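# Summary of the model geometry
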Amino acid sequence: MIKGGVTAPTGFLAAGVHAGIKPVPLLDLALLASTHPGVMAGVFTQNRIMAAPVLLGRRQLKKYTGQAIIVNSGNANAFTGSQGMTDALEMRKLVATALRLPVSTVFVGSTGVIGRPLPMPAIRQAIPSLTRLLSRSGHKPAAQAIMTTDATHKEIALQAKMGQRILTIGGMAKGSGMIHPDMATMLAYLTTDASIAPRALQVALTRAVNETFNCISVDGDTSTNDTVLCLANGRAGNPAIQTGTPQWEKFYTLLHEACLSLSLQICRDGEGCTKIVEIVVRGTRTNREAKKIAQTIATSLLVKTAVFGEDPNWGRIVAAAGRAGVNFNPSRLWLAFNETRVVENGQAIGGQTANRAQRIMRKKRYVMTLSVGNKPGYARLWTTDLSYDYVKINASYTT
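Everything in this summary refers to the structure shown in the same document. (Residues numbered from 1 in each chain as written. Predicted model: local features only at pLDDT ≥ 70, side-chain atom pairs only at ≥ 80, totals over all residues. Heavy atoms only, no water.)

### A short note on the overall build of the protein chain
Here is the rule: Starting at the N terminus, helices and strands are each numbered in turn, a helix being any DSSP run of H or I of at least four residues and a strand any DSSP run of E of at least two. We compute the radius of gyration over the C-alpha atoms and compare it with the globule rule, which gives 2.2 Å times the number of residues raised to the power 0.38. Type-normalised accessible area, obtained with a 1.4 Å probe on protein chains alone, sets the label of each residue: buried when under 20%, exposed when over 50%, and partly exposed for intermediate values.
When helices and strands are counted, the protein chain shows 11 helices and 15 strands. At 22 Å, the protein chain has a C-alpha radius of gyration in line with the 21 Å of a compact globule built from 399 residues. Along the longest, intermediate and shortest principal axes, the C-alpha atoms of the protein chain span 70 × 55 × 35 Å. Residues classed as buried in the protein chain amount to 57% of the 399 residues present.

### Brief notes about empty space enclosed by the protein
Quick note on the threshold: Detection works on a 1 Å grid of protein atoms alone, calling trapped sets that fit a 1.4 Å probe cavities and calling open sets with protein on both sides within 12 Å along at least five of seven lines pockets, with lining residues defined by an atom within 4 Å of a point. Grid points are joined across faces, edges and corners, and a volume is the space filled by probe spheres set on the points.
Tallied over the full model, the rule gives 1 cavity of 30 Å³ or more. Here the largest cavity defines a volume of roughly 40 Å³. What lines the largest cavity is Val303, Ala306, Val307, Asp311, Pro312, Asn313, Ile317, Phe337, Met361 and Met368. No other element matches the 3 residues that helix α8 (residues 301-308) contributes to the lining of the largest cavity.

### Quick notes on helix α5 (residues 198-211)
Put simply, the rule reads: One less than the residue count of a helix, multiplied by 1.5 Å, gives the span that helix is expected to have. Between two residues, a contact is recorded if the distance between any of their heavy atoms is within 4.5 Å.
Taking 1.5 Å as the rise per residue, α5 with 14 residues should run 20 Å; its terminal C-alpha atoms sit 20 Å apart, in good agreement. Lining the buried residues of α5 we find β2 (29-44), β7 (187-192), β9 (227-232) and α6 (246-268).

### A word on the side chain of Asn77
So the rule is basically this: As used in this structure description, the phrase polar contact means that two N or O atoms lie within 3.5 Å; if the pair is within protein, one of them must be able to donate a hydrogen and the other to accept it, and residues adjacent in sequence are counted only when both atoms belong to side chains.
In this fold, Asn77 is placed in the loop between β3 (65-75) and α2 (81-99). A residue is classified by how much of its surface remains accessible, and Asn77, at 1% relative accessible area, is buried. Side-chain polar atoms of Asn77 contact the side chain of Thr80, separated by 2.8 Å. At 3.0 Å, the side chain of Asn77 forms a polar contact with the backbone oxygen of Gly84. When sequence neighbours within four positions are dropped, the list of residues in contact with Asn77 reads Ala51, Ala52, Pro53, Gly84, Asp87, Ala88, Ser110, Val113 and Leu118.

### Some details on the pairing of strand β15 (residues 375-384)
Quick reminder of the rule: For two strands to be treated as a pair, DSSP must find at least two bridges joining them.
Summarising the sheet, strand β8 (residues 216-217) and β15 pair through 2 bridges and their orientation is parallel. Bridging from a neighbouring strand, Ser217 pairs with Thr383 of β15. As judged from the 8 bridges shared by strand β10 (residues 276-283) and β15, these two strands associate in the antiparallel manner. Residue pairing across strands places Val280 opposite Arg380, the latter belonging to β15.

### Section: a nonpolar patch on the surface
To keep things clear, this is the line we draw: Surface patches are drawn from residues lacking salt bridges whose relative accessible area is over 30%; two like charges belong together within 9 Å, two nonpolar side chains (Val, Leu, Ile, Met, Phe, Trp, Tyr) within 5 Å. Using the Shrake-Rupley algorithm and a 1.4 Å probe, accessible areas are obtained, with residue cover drawn only from the displayed protein chains. Only one rule defines a salt bridge in this text: a Lys or Arg side-chain nitrogen within 4 Å of an Asp or Glu carboxyl oxygen.
A cluster of nonpolar residues, Ile49, Phe79 and Ile114, forms a patch on the protein surface that exposes about 300 Å² of accessible area. Within the secondary structure layout, Phe79 lies in the loop between β3 and α2.

### A short note on unusual backbone geometry
Each neighbour pair has its own omega, and for Val24 with Pro25 the value is 5°, a cis peptide bond. With respect to the helices and strands, the residue Pro25 is situated in the loop between β1 (12-17) and β2. Of note in this structure, Arg100 is not a glycine but carries a positive phi near 60°. As for its placement among the helices and strands, Arg100 is situated in the loop between α2 and β4 (106-113). Although it is not a glycine, Glu310 sits at a positive phi angle of roughly 55°.

### Notes on helix α3 (residues 120-132)
The condition is simple: Given a residue, its bend is the angle between the two axes fitted to the seven residues that end at it and to the seven that start from it.
Along its 13 residues, α3 runs 19 Å from first to last C-alpha, staying within 8% of the 18 Å computed at 1.5 Å per residue. At Ala126, α3 shows its largest kink, close to 35°, and the proline Pro128 lies no more than four residues downstream. Of the residues making up α3, those classed as buried are Met120, Ala122, Ile123, Ala126, Ile127, Leu130 and Thr131. Looking at the buried residues of α3, the elements they touch are β1, β2, β3 and α2.

### Looking at the side chain of Asn238
The residue Asn238 is located in the loop between β9 and α6 in this model. Setting aside anything within four residues of it in sequence, one finds Asn238 in contact with Arg165, Leu167, Asp193, Ala194 and Ser195.

### Considering the packing of α5 against α6
How we decide: Only the contacting stretch of a helix is used when fitting its axis, a line to C-alpha atoms as for every element, and angles between N-to-C directions run 0 to 180 degrees. Oblique is the label for any angle not under 35 degrees, not over 145, and not in the 65 to 115 range, which are roughly parallel, roughly antiparallel and roughly perpendicular in turn. Note: crossing handedness is left-handed where the near helix turns anticlockwise from the far helix by less than a right angle, and right-handed where it turns clockwise. Three residue categories are used. Nonpolar comprises Ala, Val, Leu, Ile, Met, Phe, Trp, Tyr, Cys and Pro, charged comprises Asp, Glu, Lys and Arg, and polar comprises the others, including Gly.
Close contact between α5 and α6 brings their axes to 9 Å; oriented N to C, the two are set at 40°. Comparing their axes, α6 and α5 come out oblique. For α5 against α6, the interelement crossing comes out right-handed. Here α5 contributes Ala200, Leu201, Val203, Ala204, Leu205, Arg207, Ala208 and Glu211 to the contact with α6, which in turn contributes Trp248, Glu249, Phe251, Tyr252, Leu255, His256 and Cys259. A breakdown of the residues in the contact of α5 with α6 according to their chemical character gives 11 nonpolar, 1 polar and 3 charged.

### Some words on the nonpolar core
Selection criterion: What is meant by a nonpolar core is a set of buried Ala, Val, Leu, Ile, Met, Phe, Trp, Tyr and Cys residues, joined one to another through side-chain atoms within 4.5 Å.
By size, the foremost hydrophobic cluster in this structure holds 74 residues, and its most contacted members are Leu190, Phe251, Leu255 and Ile297. Beyond its immediate chain neighbours, meaning those up to four positions away, Phe251 contacts Met162, Ile169, Thr192, Ala194, Ile196, Leu201, Ala204 and Ile241. Counting residues in hydrophobic clusters, the runner-up holds 26 residues, among them Ala33, Ala52, Leu101 and Val108.

### Things to note about the sheet that holds β10
Read across the open sheet, the 7 strands follow the order β8-β15-β10-β14-β11-β12-β13; overall the sheet is mixed. Each edge of the open sheet is held by one strand with a lone partner, namely β8 and β13 (347-348).

Okay, here's the thing in structure tokens:
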């Protein structure tokens, strides 16, 4: 891991300012730009109610080209009718004009309260100063400017050698609530100076998202604005990476590591979160079946509250698995907290296992493994506990 966040790769600049969308002095408008045009890949929310920036981004992504991303926080620009799209288009045009870029290369993101029009006068006034502040050192203000209920900003930067070249991947993300596996469960923006073919980047990002961002759950909700974008400007000077090559595998490994780091940062910052639990399910007929069981356990309110209370009530876990809609033989089931099994062949082991399990549950992080047979199906997800603070934070979010 290196320093620099989204501006660690060669040729990237960023900035963040207070435009007036959120109360003073909170930063609420971020800009990320490349000195050169590049390849853009993206994955978006599957929620049927999509914010205007998501609809616009999906349309733009068909060209796989990009050079800048403008993101506001404090207002989702979702469920805002035709005015919402008009405002998203204007944000794009304002940045394109200021940076002298084709409008099709500027992507827009928004996050915050749903159903309120954007304060466009404030945004119009802020964009000139935002563009003037673009710099390599602007990664932290940019990461702070996309936060909503986040307690802290989230960044990552990694490097790997490929041939005679050093490839760098940087990233920033926001998310602590409305987090659930259904693409993408937050906003995340990744940058790289790698030269890579458009399809190769899209395949790598989709796979990385499915194995990281789509494997975390805080509260079972997904947003109208969930977006992951990755911009590759090719400034590292490596031969263009193609799908299915050893170079692609190496690039994918680095991208996966960056996405996983941001995913776990989101989990750690889950609203009111005190613990992160890795849920592993194995022994199903397919990976899809295993993931279905894991998601059911991860989103069970009874399981999440037991995690918060450090209560080894394994009955809640096996009951959640049983209602996941997956066929398995209960008498083949075993369950463990880290290496301590509490259930074997569908029955409680008894003895001191409950006490050992409770000691494990007092840790900030641990693994919960459920096996339902000897088939090859496997899934791994991360979930958080559900604390009193989660209710406090979300009970007064718009007030």
